[in-house]
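# Structural overview for review
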Amino acid sequence: LVAREQRHRLHHPDPGASRRQHHRHPHRLLEEVSPAMRPNGFTLIELMVTVSVIAILAVVAAPSFNQMYDRYRLKGVVDVLYGDLQFARAEAVRRNDNVFFSFTTGANWCYGLNPTSTCNCATVGSCTIKTVSSSAFPGVTLNSAAFGAGTSTSFNARLGAASVGGTAIFQTAAGNEARVVVSLV
């Protein structure tokens, strides 16, 4: 009889054993699921949390990007003006003649270079060497260009020195401001 019971147990394991084992180790149920049966991807909650974090970061970062872009625009116009002032100085020496640098202020500002006399950069063809307009720098205004009693200066042929010193003040819509100072030397 004992031998028969042992053979019976070998062929028919205890039906309550798997239930008892499950209660002792509930995590084993997950281990028994095949990899093909496990869910893939993200849950809706995980996706919503990720999108929310990205939206919060975008809202926080957007003003910083606008301010940075505003400063770069202002720096761009100052760099171009500085380069053109140097060009006017070199051009006066190269031509062995005075070169005039004339400004028009306001939202539709411009400046131009002309030999022998001032020019009106708002008039097409008036400045024969070079003209730069506000359309190349949207959002930047030339508030002031004060050179002595006027809005122009000239560079002489001998040393390329300015005849009149002055200041040009640019401002962006956000209120950032830059000054370009032209000295006599």
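Scroll up to find the structure.
Before going further, it helps to spend a moment on unusual backbone geometry. If a residue is not glycine, its phi is most likely negative; likewise, a peptide bond is most likely trans. Phi at asparagine 96 is positive, roughly 55°, even though this residue is not glycine. Mapped onto the fold, asparagine 96 is located in the loop between helix 4 (44-95) and strand 1 (99-104). According to the relative accessible area criterion, asparagine 96 is exposed, its value standing at 62%. We note that threonine 116 has phi near 70°; this positive angle belongs to a residue other than glycine. Given the relative accessible area of 53%, threonine 116 is considered exposed.

Once that is clear, we can look at the nonpolar core. Counting 25 residues, the largest nonpolar core has Leu81, Phe101, Phe103, Trp109, Tyr111, Phe155 and Phe170 as its most contacted members. Of all elements in the fold, only helix 4, strand 1, strand 2 (110-115), strand 4 (140-147), strand 6 (166-172) and strand 7 (177-182) reach the threshold of two or more residues within this core. A total of six residues in this core trace back to one element, the largest contributor, which is helix 4. In this view, leucine 81 contacts Phe101, Phe103, Tyr111, Ala168, Phe170 and Val180; residues no more than four positions away in its chain are not counted.

Scanning the entire structure with this criterion turns up six salt bridges. One salt bridge connects arginine 73 with aspartate 70, and the closest N-O pair in it is separated by 3.3 Å. Placement of both arginine 73 and aspartate 70 in helix 4 is noted, with a separation of three residues, approximately one turn of the helix. With a relative accessible area of 23%, arginine 73 lands in the partly exposed category. Classification of aspartate 70 as buried rests on a relative accessible area of 4%. Sharing partners across several salt bridges, the network here consists of Glu91, Arg94 and Arg95.

So, how was this worked out
- Residues numbered from 1 in each chain as written.
- Predicted model: local features only at pLDDT ≥ 70, side-chain atom pairs only at ≥ 80, totals over all residues.
- Heavy atoms only, no water.
- Helix = DSSP H or I, 4+ residues; strand = E, 2+ residues; numbered from the N terminus.
- Buried < 20%, exposed > 50% of the residue type's maximum accessible area, 1.4 Å probe, protein only.
- Core = buried A, V, L, I, M, F, W, Y, C linked by side-chain atoms within 4.5 Å.
- Contact = heavy atoms within 4.5 Å.
- Salt bridge = Lys/Arg side-chain N within 4 Å of Asp/Glu carboxyl O.

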